[in-house]
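# A closer look at the structure
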Amino acid sequence: MHHDEVISTEAIQGLIRTMDVEVKQPNITWETLHHLVTERLVYLLLHDMEGLLQLLYKVDVNEKKVKEAFAQNNPKAIAPELARLIITRELEKAEHRKNFKA
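Description of the structure in this document. This structure is a prediction, so every number in the text was calculated from the model and none was measured.

Our focus in this paragraph is the pattern of salt bridges. For the structure on display, the rule yields 5 salt bridges. One salt bridge connects R89 with D60, and the closest N-O pair in it is separated by 2.9 Å. On the criterion of sequence distance, the pair formed by R89 in helix 5 (residues 75-101) and D60 in the loop between helix 3 (49-59) and helix 4 (63-70) is long-range, its members being 29 residues apart. Of the charged contacts, one joins E81 and R84 as a salt bridge, the two residues approaching to 2.6 Å between their closest N and O atoms. With a gap of 3 residues between them, E81 and R84 both fall in helix 5, about one helical turn apart. In this structure R84 comes out as partly exposed when scored by relative accessible area, which is 34%. Through salt bridges that share partners, D60, R89 and E92 make up one connected network.

Set out below in structure tokens:
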């Protein structure tokens, strides 16, 4: 995934709702989405670890990769990696739904 790639917000509606991230435009760049999700994850890391763990379970992020991200032991480093994992997983699920409908 290229960081300047434009993503349809329709493809990530579940993520937007789940993360309580506000996106008003119909498309968003990967980089902008990553920034918004990272900000939310920093908050969850510092104030709502249980909510973060529930989110990761709900999004169905690979447990091994999550453990690797947490091994960094620094919220400012963990959050961007978790954001990458979450966005990537949501896009995989959107692609799967698209292919399943076809």
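Having seen the structure, we can now continue with the description.
Attention shifts here to the packing of helix 3 against helix 5. For the pair helix 3 and helix 5, interaxial distance at closest approach is 10 Å and the crossing angle is 30°. It follows from the interaxial angle that helix 3 and helix 5 lie roughly parallel. Considering how the two elements wind past one another, helix 3 and helix 5 form a crossing that is left-handed. Here L52, L55, L56, K58 and V59 of helix 3 come into contact with helix 5, specifically with L82, I86, R89, E90 and K93. In the contact of helix 3 with helix 5, the residues fall into 6 nonpolar, no polar and 4 charged.

Basis of the calculations
- Residues numbered from 1 in each chain as written.
- Predicted model: local features only at pLDDT ≥ 70, side-chain atom pairs only at ≥ 80, totals over all residues.
- Heavy atoms only, no water.
- Salt bridge = Lys/Arg side-chain N within 4 Å of Asp/Glu carboxyl O.
- Helix = DSSP H or I, 4+ residues; strand = E, 2+ residues; numbered from the N terminus.
- Buried < 20%, exposed > 50% of the residue type's maximum accessible area, 1.4 Å probe, protein only.
- Axes fitted to C-alpha atoms, helices over the stretch in contact; angles between N-to-C directions.
- Parallel < 35°, antiparallel > 145°, perpendicular 65-115°, else oblique.
- Left-handed = near helix turned anticlockwise from the far one by under 90°.
- Contact = heavy atoms within 4.5 Å.
- Nonpolar A, V, L, I, M, F, W, Y, C, P; charged D, E, K, R; others polar.

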